[in-house]
Amino acid sequence: MSSIQEVQDEIVSEFEILGDDKESTIYYIMELGGSLEDFPENERIEENTIKGCQSKVWLIADEKDGKVHFQADSNTDITKGLISLLLRVLNYRSPEEIIKAELNFVERIGMGSIIGSQRSNGFASMIKQIKLYALAIQTKQNA
């Protein structure tokens, strides 16, 4: 499995191909959302929504073989794409890897200028919730 940094480097390379074409970049992010695994219908409940997101974003996590497994969905294509980028980097990692991860791809691809400040705040909320789930699983593992 590639390291967190290697996956981030791959993402940066993909976005570099798109250059400064904002429309193509947004379309590409929206397409990425199609890679999310099916989200269980019964988990689309308020307690699984990420607070601070403009759109509805659902996120759940469980532990499989010492690694954190995330599932996510959203009611908008762009947000689905954004959460799919985060899961591509952080899914199936140990809680410690997730907690310590420095997500430099966000700045490197200029995410803020692509999605604007309100979505950037939501994106930060997604990262925070992912790390909180990892911390909760780590705490349970160490109990």
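Heads up: the structure comes first, above all this text.
Bear in mind that the values here come from a model prediction, so they are computed numbers and not experimental data.

Undergrad: Can you help me understand the overall build of the protein chain in this one?
TA: Looking only at helices and strands, the protein chain has 6 helices and 2 strands in total. Moving toward the C terminus, one meets the helices and strands of the protein chain in the order α-α-β-β-α-α-α-α. A compact globule built from 143 residues should have a C-alpha radius of gyration of about 15 Å, and the protein chain, at 15 Å, falls within 12% of that. Taken across its 143 residues, the protein chain has 43% of its residues classed as buried. Sequence-distant contacts in the protein chain: of pairs separated by 6 or more residues, those separated by 24 or more amount to 66%.

Undergrad: Any chance you could explain the pattern of salt bridges here in plain terms?
TA: Evaluation of the coordinates by the stated rule reveals 8 salt bridges. Two residues, Arg88 and Glu14, come together in a salt bridge whose shortest N-O distance is 2.6 Å. Taken together, the positions of Arg88 in helix H3 (residues 77–90) and Glu14 in helix H1 (residues 4–18) put the pair 74 residues apart, joining distant regions of the chain. Using a relative accessible area of 29% as the deciding quantity, one classes Arg88 as partly exposed.

Undergrad: Hey, could you run me through H3 in this one?
TA: For the α-helix, the turn length of 3.6 residues means that residues three or four positions removed from each other point alike. A rise of 1.5 Å per residue sets the reference length of H3, with its 14 residues, at 20 Å; its end C-alpha atoms lie 20 Å apart and thus fit the reference within 8%. A large share of H3 lies buried, amounting to 11 of its 14 residues. For H3, every residue scored as buried is listed here: Ile78, Thr79, Gly81, Leu82, Ile83, Ser84, Leu85, Leu86, Leu87, Val89 and Leu90. Note on H3: the residue one or two positions beyond its end, Tyr92, has a positive phi of about 60°.

Undergrad: Would you take a moment to explain the packing of aromatic side chains for this structure?
TA: Geometry of an aromatic ring pair is reported as the spacing of the ring centres plus the angle between the planes. Under the defined criterion, the tally for this structure stands at 1 aromatic pair. Ring plane angle 75° and centroid distance 5.5 Å describe the contact between Phe15 and Tyr28, whose orientation is recorded as edge-to-face. Highlighted residues: Phe15 in helix H1 and Tyr28 in helix H2 (residues 22–32), separated in sequence by 13 residues. Take Phe15 and Tyr28: they sit in the same class, and that class is buried. Of note, Arg44 hangs over the ring of Trp58, and the distance from its end group to the ring centre comes to 5.2 Å.

Undergrad: Please explain a nonpolar patch on the surface as it appears in this structure.
TA: A cluster of nonpolar side chains, Ile99, Leu132 and Leu135, forms an exposed patch at the surface whose accessible area comes to about 220 Å². Note on placement: Leu132 falls in helix H6 (residues 111–142). You can call Leu132 partly exposed: its relative accessible area is 42%.

Undergrad: Where do I start with the environment of Val68 in this structure?
TA: Considering the arrangement of structural elements, one finds Val68 in strand E2 (residues 67–74). Along the backbone, Val68 and Gln129 are 61 residues apart, and their C-alpha atoms lie at a distance of 13 Å. When sequence neighbours within four positions are dropped, the list of residues in contact with Val68 reads Ala61, Asp62, Asn91, Tyr92, Arg93, Pro95, Ile98, Ala134 and Ile137.

Undergrad: Would you mind going over the nonpolar core with me for this structure?
TA: Generally speaking, a soluble globular protein has its nonpolar side chains buried in company with each other. Formed by 39 residues in total, the largest nonpolar core has its most connected members in Ile83, Phe105 and Phe123. Elements supplying a minimum of two residues to this core: H1, H2, strand E1 (57–64), E2, H3, helix H5 (105–108) and H6. The greatest single-element share of this core, amounting to 9 residues, is contributed by H6. In this structure, Phe105 is in contact with Gln8, Ile11, Val12, Leu85, Leu86, Val89 and Phe123, ignoring residues within four places of it in sequence.

Cut-offs applied
- Residues numbered from 1 in each chain as written.
- Predicted model: local features only at pLDDT ≥ 70, side-chain atom pairs only at ≥ 80, totals over all residues.
- Heavy atoms only, no water.
- Helix = DSSP H or I, 4+ residues; strand = E, 2+ residues; numbered from the N terminus.
- Rg over C-alpha atoms; globule rule 2.2 N^0.38 Å.
- Buried < 20%, exposed > 50% of the residue type's maximum accessible area, 1.4 Å probe, protein only.
- Contact = heavy atoms within 4.5 Å.
- Salt bridge = Lys/Arg side-chain N within 4 Å of Asp/Glu carboxyl O.
- Expected span 1.5 Å × (residues − 1).
- Phe/Tyr/Trp six-rings, centres within 6.5 Å; stacked < 30°, edge-to-face > 60°.
- Lys NZ or Arg CZ within 6 Å of the ring centre and 35° of its normal.
- Patch = residues over 30% accessible without salt bridge, like charges linked within 9 Å, V, L, I, M, F, W, Y side chains within 5 Å.
- Areas by Shrake-Rupley, 256 points an atom, 1.4 Å probe, with all protein chains shown as cover.
- Core = buried A, V, L, I, M, F, W, Y, C linked by side-chain atoms within 4.5 Å.

Treat this as a map of the structure, not an account of what it does.
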